[in-house]
Amino acid sequence: MKSSPIIVALDFPSKNLALELVEKLEPSRCRLKVGKEIFTREGPQLVEELQKRGFDVFLDLKYHDIPNTVAAACRAAADLGVWMVNVHALGGEAMMEKAAEALAGYEKRPMLIAVTILTSMGGEDLIKIGLSESPEANVLNLAALAENSGADGVVCSPKEVTALRAARTAEFQLVTPGIRPEWAAKGDQNRITTPAQAINMGSNYLVIGRPITAADDPMEALGLIEQELSR
Ligand code: C5P
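Everything numeric here is computed off the predicted structure, so don't read it as measured data. (Residues numbered from 1 in each chain as written. Predicted model: local features only at pLDDT ≥ 70, side-chain atom pairs only at ≥ 80, totals over all residues. Heavy atoms only, no water.)

## Let's talk about the pattern of salt bridges
Oppositely charged side chains can form a pair if their charged atoms are brought close together. This model, assessed by the stated rule, comprises 12 salt bridges. Among the ionic pairs, Arg41 bridges to Glu37, the shortest N-O distance being 4.0 Å. Within this pair, Arg41 and its partner Glu37 are both found in helix H2 (residues 36–42), separated by four residues, close to a single helical turn. Judged by its relative accessible area of 42%, Glu37 falls in the partly exposed class. Glu49 is the partner of Lys52 in a salt bridge, and the nearest nitrogen-oxygen pair spans 3.9 Å. Pair noted here: Lys52 and Glu49 are both in helix H3 (residues 44–52), with a separation of three residues, about one helical turn. (Salt bridge = Lys/Arg side-chain N within 4 Å of Asp/Glu carboxyl O. Helix = DSSP H or I, 4+ residues; strand = E, 2+ residues; numbered from the N terminus. Buried < 20%, exposed > 50% of the residue type's maximum accessible area, 1.4 Å probe, protein only.)

See below:
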């Protein structure tokens, strides 16, 4: 099945360590997220390698620049063949519109996802950068801007899923990290939900790192999450 909602975060410092995990995973049962650290170290060859093994790749580089530059980066991601790419909604309407336009012509178009407010930022942090409204209000505003500018969805905290589901169209995709099955360690994540809670609230994709990547048996961990979701 290519419809797995599970995206495994490949948060490793090297290709060898990442591939050690990937060897144990099945592309029919999860997708993979490649972020800034491993991409900066290993580059597009790693993405190609993962895709050659049959995995869909979410290229999590959170582009944020002038519209022309972001559009060009999105084209580069689409040429690489990734399944999902993301940008910062704070880059604004024109930037997201240009990104969406850049991707529109591709036969296998990557999904365009926006990041609204980083979950590491609280109300005080937002005030310091001139955003006086609450994090929640900013998330809703930026998600509306993202959808109206042609983005397919947003990355959001599970705690924001209910409000975003109510505010946005049914097609708008919600991608949520901060997922912890009951049996997994919390680590540094604070505002967490279980996989089933996130899906039941209306999340479309779950970004899950350590509960799978740090498990003694990653496929067993993935299997437990699948079981939880099928109940
Ligand atoms: O190991 P863990 O499940 O906490 O990994 C979650 C992944 O999602 C990491 O790659 C992390 O950077 C990412 N992420 C997050 N919270 C956000 C945005 C992204 O945990 N708000």
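## Things to note about the packing of helix H4 (residues 67–80) against helix H5 (residues 93–104)
Look at H4 against H5: their axes get within 8 Å of each other, and the N-to-C directions meet at 30°. The angle between the axes of H4 and H5 places the two elements in the roughly parallel class. Regarding H4 and H5, the two cross each other, and that crossing is right-handed. Where H4 approaches H5, its residues Pro67, Val70, Ala71, Cys74, Arg75 and Ala78 are matched on the opposing element by Ala94, Met95, Lys98, Ala99, Ala102 and Leu103. (Axes fitted to C-alpha atoms, helices over the stretch in contact; angles between N-to-C directions. Parallel < 35°, antiparallel > 145°, perpendicular 65-115°, else oblique. Left-handed = near helix turned anticlockwise from the far one by under 90°. Contact = heavy atoms within 4.5 Å.)

## Structural notes on the site of the ligand
Around the ligand, a shell composed of Ala9, Asp11, Lys33, Thr119, Pro177, Arg180, Gln189, Val207, Ile208, Gly209, Arg210 and Pro211 is seen. Here a nitrogen atom of the ligand and a side-chain polar atom of Thr119 are 2.5 Å apart. When the ligand is considered free in solution it has 470 Å² of accessible area, and contact with the protein chains removes 79% of it. If you map the ligand onto the pockets, it falls in the largest pocket. Elements with a minimum of two residues in the shell around the ligand: strand S8 (205–208) and helix H10 (210–213). Its residues assigned to classes, the shell around the ligand comprises five nonpolar, three polar and four charged. (Near = heavy atom within 4 Å. Polar contact = N/O pair within 3.5 Å; in protein donor to acceptor, adjacent residues only side chain to side chain. Areas by Shrake-Rupley, 256 points an atom, 1.4 Å probe, with all protein chains shown as cover. 1 Å grid on protein atoms, 1.4 Å probe; cavity = no way out; pocket = protein on both sides within 12 Å on 5 of 7 lines; lining within 4 Å. Sits in = over half its atoms within 2 Å of the grid points. Nonpolar A, V, L, I, M, F, W, Y, C, P; charged D, E, K, R; others polar.)

## A few points about the environment of Met121
With respect to the helices and strands, Met121 occurs in the loop between strand S5 (111–115) and helix H6 (123–128). A relative accessible area of 25% places Met121 in the partly exposed class. Counting along the chain gives 89 residues from Met121 to Arg210, while the straight-line C-alpha distance between them is 22 Å. Beyond its immediate chain neighbours, meaning those up to four positions away, Met121 contacts Leu126, Ile129 and Pro135.

## Considering H3
Residues Leu46, Val47, Glu49 and Leu50 constitute the buried set of H3. Seen end-on, H3 carries its buried residues on one side only, within an arc spanning 160°. Structurally, H3 contributes buried residues whose contacts are with helix H1 (15–22), strand S2 (31–34), H2, strand S3 (57–63) and H4. Looking one or two places after H3, you find Gly54, whose phi comes out positive at around 100°. (Arc of directions from axis to C-beta.)

## Some points on the side chain of Gln173
One can find Gln173 in strand S7 (residues 173–176). Taking relative accessible area as the criterion, Gln173 reaches 16% and is therefore assigned buried. With residues near it in sequence (within four places) discarded, Gln173 still touches Met111, Ile113, Asp152, Gly153, Val154, Arg165, Asn204 and Tyr205.

## Quick word on the pairing of S2
Side-chain alternation along S2 places Arg31 and Lys33 on one buried face and Leu32 and Val34 on a second face that is also buried. For strand S1 (residues 6–9) and S2, the ladder comprises three bridges, and the chain directions are parallel. Of the residues in S2, the one forming a bridge with Ile7 is Arg31. Read as a crossover between parallel neighbours, the route from S1 over H1 to S2 is right-handed. Pairing geometry for S2 and S3, over three bridges, is parallel. The partner of Val34 across the bridge, within S3, is Leu59. (Pairing = 2+ DSSP bridges. Right-handed = clockwise from strand over helix to strand, strands pointing away.)

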